[in-house]
Amino acid sequence: MNKWLKTILFLVVSVFLTRFIPFSSLFRNLDTMIHEFGHALATLLLSGKVLRIELYADHSGVTYSTMLTPGRSILVSLAGYISASLFAWLLFYLYRKGRHMWGLGIITAIALVSLLLYVRGEFGMLWLTGFIALNVVIMIFGAKIVKFYYLFLAFLTLEESVLSAMYVGLLSWTQPSRAGDAANLAQQTFMPAMFWGTLFALFALWCAKGALALFFRKESSSGRTSRARSLSK
């Protein structure tokens, strides 16, 4: 089967199945946190100032920042969707290497930094506090479920990174002025919103293909190892 078609079909099935997991909707804010943290990090790296981040119950968010050099704001606008897509890929890379505890630690560290320094607003602060507490409890006491919990977060992050990019890509064609970062980039450059929205969607799919390739490779190698052990008995 074509790798792109396989990626899309697996994502569709994954989105459908994870909807049946209790409270999965709450965890979908993880992708929003990474997206907004990507904006904030780019702002800091480009000598700007992050004013605050707000996370909302509908899985949306916004980062308020200031830049002394207008041209650098283009990179800040690009950072959100690109960071979210690359981070999802990173989570599957760490899983492939058997470093899911590292991945969970990185997620928790980003959440803690966001809570202490940038996120304001009742929902965002409450969500981050609960998420951090749950992660710490699972890392300390949940040795038997930490791998499955990590995969749950990884797949939700991957799904949301693709769905949000596809959504903004669709808006960039149908309602360009409402296309979020794509609309901001259209205002700052000579390229229309549909160009940036399509770019975000394609980049997210490319990262998803790479992430799922790592996942299937990991599962295949685990299966071969198990069979080898069975034969040796």
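Refer to the structure presented above.
Model, not experiment: these values are computed from the prediction.

Thresholds, definitions, all that
- Residues numbered from 1 in each chain as written.
- Predicted model: local features only at pLDDT ≥ 70, side-chain atom pairs only at ≥ 80, totals over all residues.
- Heavy atoms only, no water.
- Core = buried A, V, L, I, M, F, W, Y, C linked by side-chain atoms within 4.5 Å.
- Buried < 20%, exposed > 50% of the residue type's maximum accessible area, 1.4 Å probe, protein only.
- Helix = DSSP H or I, 4+ residues; strand = E, 2+ residues; numbered from the N terminus.
- Contact = heavy atoms within 4.5 Å.
- Phe/Tyr/Trp six-rings, centres within 6.5 Å; stacked < 30°, edge-to-face > 60°.
- Lys NZ or Arg CZ within 6 Å of the ring centre and 35° of its normal.

### Section: the nonpolar core
- Core analysis: the largest hydrophobic core is formed by 58 residues, its most contacted members being M33, F131, L153 and F200.
- At the level of elements, α3 (29–45), β1 (49–55), α4 (73–96), α5 (100–118), α6 (122–141), α7 (146–174), α8 (180–188) and α9 (193–232) are the ones that each hand at least two residues to this core.
- Per-element accounting of this core gives the leading share, 14 residues, to α7.
- Those residues in contact with L153 that lie beyond four places of it in its chain are F27, L30, L104, I107, F131 and N135.

### Focus on the packing of aromatic side chains
- For the structure on display, the rule yields 16 aromatic pairs.
- Both rings, one in F27 and one in F152, keep their centres 5.2 Å apart while their planes meet at 75°; by these two values the pair is edge-to-face. Within this pair, whereas F27 is found in helix α2 (residues 24–27), its partner F152 is found in helix α7, the two being separated by 125 residues in sequence. Judged on exposure class, the residue F27 and its partner F152 are both buried.
- Both rings, one in F155 and one in F215, keep their centres 5.1 Å apart while their planes meet at 85°; by these two values the pair is edge-to-face. Within this pair, whereas F155 is found in helix α7, its partner F215 is found in helix α9, the two being separated by 60 residues in sequence. Accessibility classification places F155 together with F215 in one group, the buried group.
- The ring of Y64 carries the charged tip of R52 above its face, separated from the ring centre by 4.0 Å.
- Directly above the aromatic system of W102 lies the positively charged group of R99, at a separation of 4.6 Å from the ring centroid.

Note that all results are geometric; they support no functional claim without further evidence.
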